[in-house]
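Listed here are the chains, written in short residue letters.
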Amino acid sequence: MSIVVIGNVFVDVKGFPDDIYLPTGRNAGRVVTVHGGVGRNVAEDIANLELRPVFVSMVDDTASGEEVKRKLHNHKVNTDYVIEAPDGMGMWLAVFDHKGDLAGSISKRPNSDAMKTLLDEKGDEIFRDADSIVLEIDLDKEIVKRVFKYAEKYDKPVYAVVANMSIASQRRDFLQSIDCFICNVLEAGILFVDDFSAKSPEEMCEILSCKVMSAKIPSMIVTMGSKGAVYADMKGDKGFFPAESVCVRDTTGAGDAFCAGAAVGLTYGKSMREAVRIGTHLAASVIGSSENVCPRFLPQEFGIDAEVKE
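Residues numbered from 1 in each chain as written. Predicted model: local features only at pLDDT ≥ 70, side-chain atom pairs only at ≥ 80, totals over all residues. Heavy atoms only, no water.

Visitor: It is not clear to me how the overall build of the protein should be interpreted in this structure. Could you clarify?
Guide: Looking only at helices and strands, one finds 10 helices and 13 strands in the protein. In terms of C-alpha radius of gyration, the protein reaches 18 Å, essentially the compact-globule figure of 19 Å for 310 residues. Dimensions of the protein, computed from C-alpha atoms along their principal axes, come out at roughly 55 × 50 × 40 Å. Looking at the protein as a whole, 55% of its 310 residues are labelled buried. (Helix = DSSP H or I, 4+ residues; strand = E, 2+ residues; numbered from the N terminus. Rg over C-alpha atoms; globule rule 2.2 N^0.38 Å. Buried < 20%, exposed > 50% of the residue type's maximum accessible area, 1.4 Å probe, protein only.)

Below, the structure written as structure tokens:
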């Protein structure tokens, strides 16, 4: 039994200035290349809780693709369903300012045809014994449909995360089929066609509660950066959890770590508030480091009674 994560692999090229960042000027600094992608990051974050997720994805049929698979395997992610295909990985080019915040980015999405074939051929063995499914909701629509088909067939909870909210917002009907949708406050604004950036957590909590009920979304968690995170479901449960105070080094991957922690909590029987607490701690551990993923923890540190597999 394990959590199945379905998402893309990206190569992240990140630039950091040595001094105050000038958007229209030349900035001396450093450039690093790391493995990324929402699905890939979430899978590695879950593995770093000493759980053993199954990752369903694609990589390029190159040495770079082999390196991605090797690193995931070394972190004890099951990569049996990470297939090699031409143009199987995306690329994200990002520039950060002197405060560590994202100043601008451009991304290239991968070709996902090979993943459709994989799900058609091996979907039953992938999903039959899953504890839950974590899905990038903005993947190719046909992939999302296939995942929901298997989730319904085997009665598995689905927790949705997002890489591109502009695409995900066109699939509002899909959100009614998930158990929990996790996004940030800017993405929630795109989804609900509103601006929530100036809202307090208390205000956002009430707004979110009304929104999930009217849109018939079973539950949502919305992160608000340094303000913390709010959550609400269609049964009337709602609340707020504060952010942890850390020295910001790099915010990349913090949202993915939050999603991983929240999905793990919900998968293994925690309340929405407890799941948000786990996600908050994992996000803080990423923000305070230069890595895209969280460091290693034991599930028992979060009150999760799950077997640690060697």
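From this point, the narrative continues.
Visitor: Which parts of the structure should I look at to understand the sheet that holds strand 12 (residues 229-233)?
Guide: Note: strands within a sheet are paired through backbone hydrogen bonds, in either parallel or antiparallel orientation. The nine strands lie next to each other as 5-4-1-8-9-10-11-12-13, forming an open sheet whose pairing is mixed. The two strands at the open ends of the sheet, each matched to only one other strand, are strand 5 (78-84) and strand 13 (238-241). When strand polarity is set aside, the average angle formed by the axes of neighbouring strands in this sheet is 20 degrees. Against the sheet, helix 4 (residues 141-153) touches strand 1 (2-6), strand 8 (130-136) and strand 9 (158-161), its axis set at about 160 degrees to strand 8. (Pairing = 2+ DSSP bridges. Axes fitted to C-alpha atoms, helices over the stretch in contact; angles between N-to-C directions. Contact = heavy atoms within 4.5 Å.)

Visitor: How should unusual backbone geometry be read in this particular structure?
Guide: Across the chain, the bulk of peptide bonds are trans and the bulk of non-glycine residues have phi less than zero. The phi torsion at Asp 87 lies on the positive side, around 60 degrees, for a residue other than glycine. Although it is not a glycine, Asp 155 sits at a positive phi angle of roughly 55 degrees. On the basis of relative accessibility, which here comes to 69%, the residue Asp 155 falls in the exposed class.

Visitor: Quick question: what am I supposed to make of the sheet that holds strand 6 (residues 90-96) here?
Guide: Read across the open sheet, the four strands follow the order 3-2-6-7; overall the sheet is mixed. Each having just a single partner strand, strand 3 (29-36) and strand 7 (102-108) make up the two edges of the open sheet. Strand-to-strand twist across the sheet, computed as the mean angle between neighbouring axes with direction ignored, equals 15 degrees. Where strand 2 (residues 10-17) meets strand 3, eight bridges bridge the pair, whose relative direction is antiparallel. Looking at strand 3, one finds that Pro 17 is bridged to Gly 29.

Visitor: Sorry if this is basic, but what is going on with the pattern of salt bridges here?
Guide: Pairs can form between side chains of opposite charge once their charged atoms are near each other. In this structure the tally under the stated criterion is 13 salt bridges. Measuring nitrogen to oxygen at the nearest pair gives 2.9 Å for the salt bridge that ties Asp 87 to Lys 108. You can see Asp 87 sitting in the loop between strand 5 and strand 6 and its partner Lys 108 sitting in strand 7, a full 21 residues away along the chain. In this structure Lys 108 comes out as partly exposed when scored by relative accessible area, which is 39%. Measuring nitrogen to oxygen at the nearest pair gives 2.9 Å for the salt bridge that ties Glu 206 to Lys 238. With a gap of 32 residues between them, Glu 206 in helix 8 (residues 201-215) and Lys 238 in strand 13 connect regions that are remote in the sequence. Under the relative-accessibility criterion, Glu 206 is labelled partly exposed at 41%. According to the relative accessible area criterion, Lys 238 is partly exposed, its value standing at 34%. In the salt-bridge network here, residues are joined through shared partners; they are Asp 120, Glu 142, Lys 145 and Arg 146. (Salt bridge = Lys/Arg side-chain N within 4 Å of Asp/Glu carboxyl O.)

Visitor: Sorry if this is basic, but what is going on with the nonpolar core here?
Guide: Burial of nonpolar side chains together is a common tendency in soluble globular proteins. Among the nonpolar cores identified, the biggest contains 49 residues, and Val 5, Val 42, Ile 46, Phe 55, Ile 221 and Phe 258 are the most heavily contacted of them. When neighbours within four sequence positions are excluded, Ile 221 is seen to be in contact with Cys 180, Phe 181, Ile 182, Cys 183, Val 230, Tyr 231, Phe 258, Ala 262, Met 272 and Val 276. Counting 48 residues, the second largest nonpolar core, distinct from the first, contains Leu 135, Ile 143, Phe 148 and Phe 192. (Core = buried A, V, L, I, M, F, W, Y, C linked by side-chain atoms within 4.5 Å.)

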